[in-house]
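Each chain is listed here by its residues.
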Amino acid sequence: MEEKNCCHHKKKERTEKEYKDLINRLNRIEGQIRGIKGMVEQDNYCTDILVQVAAVTAALNSFNKVLLGSHIRGCVAEDIKNGKEDTVDELVETLQKLMR
């Protein structure tokens, strides 16, 4: 779980499995978004579109949960072990943004 700092931008190296999982999730979400765009272009019924938007929202929430769990187990835990207590403040700030 190596982090690199460059111009205030942290980076995280992910395992191949973690990377593939996140990219697969994002590809599915991207496909769903394209599908919704097509529905709008085809003048589909509003509630049909809304149901698909709800599915995308759920998929994004699921993506966030996976990424947040990985972040806490990896980055946050490692930083705390290394005495970087400000990471907890960063996590709290991130959680507050996610809960808006």
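For the structure itself, look to the data block above.
Residues numbered from 1 in each chain as written. Predicted model: local features only at pLDDT ≥ 70, side-chain atom pairs only at ≥ 80, totals over all residues. Heavy atoms only, no water.

A. Quick peek at the nonpolar core. If you look at the biggest cluster of nonpolar residues, it comprises 7 residues: Leu-22, Ile-29, Ile-36, Met-39, Ile-49, Val-56 and Phe-63. Sort the elements by how many residues they give to this core and helix H1 (residues 16–41) lands first, with 4 residues. Setting aside residues no more than four positions away along its own chain, Met-39 makes contact with Asn-44, Asp-48, Ile-49 and Gln-52. (Core = buried A, V, L, I, M, F, W, Y, C linked by side-chain atoms within 4.5 Å. Buried < 20%, exposed > 50% of the residue type's maximum accessible area, 1.4 Å probe, protein only. Helix = DSSP H or I, 4+ residues; strand = E, 2+ residues; numbered from the N terminus. Contact = heavy atoms within 4.5 Å.)

B. Quick look at the packing of H1 against helix H2 (residues 46–81). At a closest axis distance of 10 Å, the pairing of H1 and H2 adopts a crossing angle of 165°. Classified by the angle between their axes, H1 and H2 sit roughly antiparallel to one another. In this structure, H1 meets H2 at a crossing whose hand is left-handed. For the contact of H1 with H2, a count of residues per class yields 16 nonpolar, 4 polar and 4 charged. (Axes fitted to C-alpha atoms, helices over the stretch in contact; angles between N-to-C directions. Parallel < 35°, antiparallel > 145°, perpendicular 65-115°, else oblique. Left-handed = near helix turned anticlockwise from the far one by under 90°. Nonpolar A, V, L, I, M, F, W, Y, C, P; charged D, E, K, R; others polar.)

C. Region of interest: the environment of Asn-61. Topologically, Asn-61 is positioned in helix H2. We classify Asn-61 as partly exposed; its relative accessible area is 39%. The spacing of Asn-61 and Leu-98 is 37 residues in sequence and 9.5 Å in space, taken between C-alpha atoms.

Geometry only, nothing functional implied.
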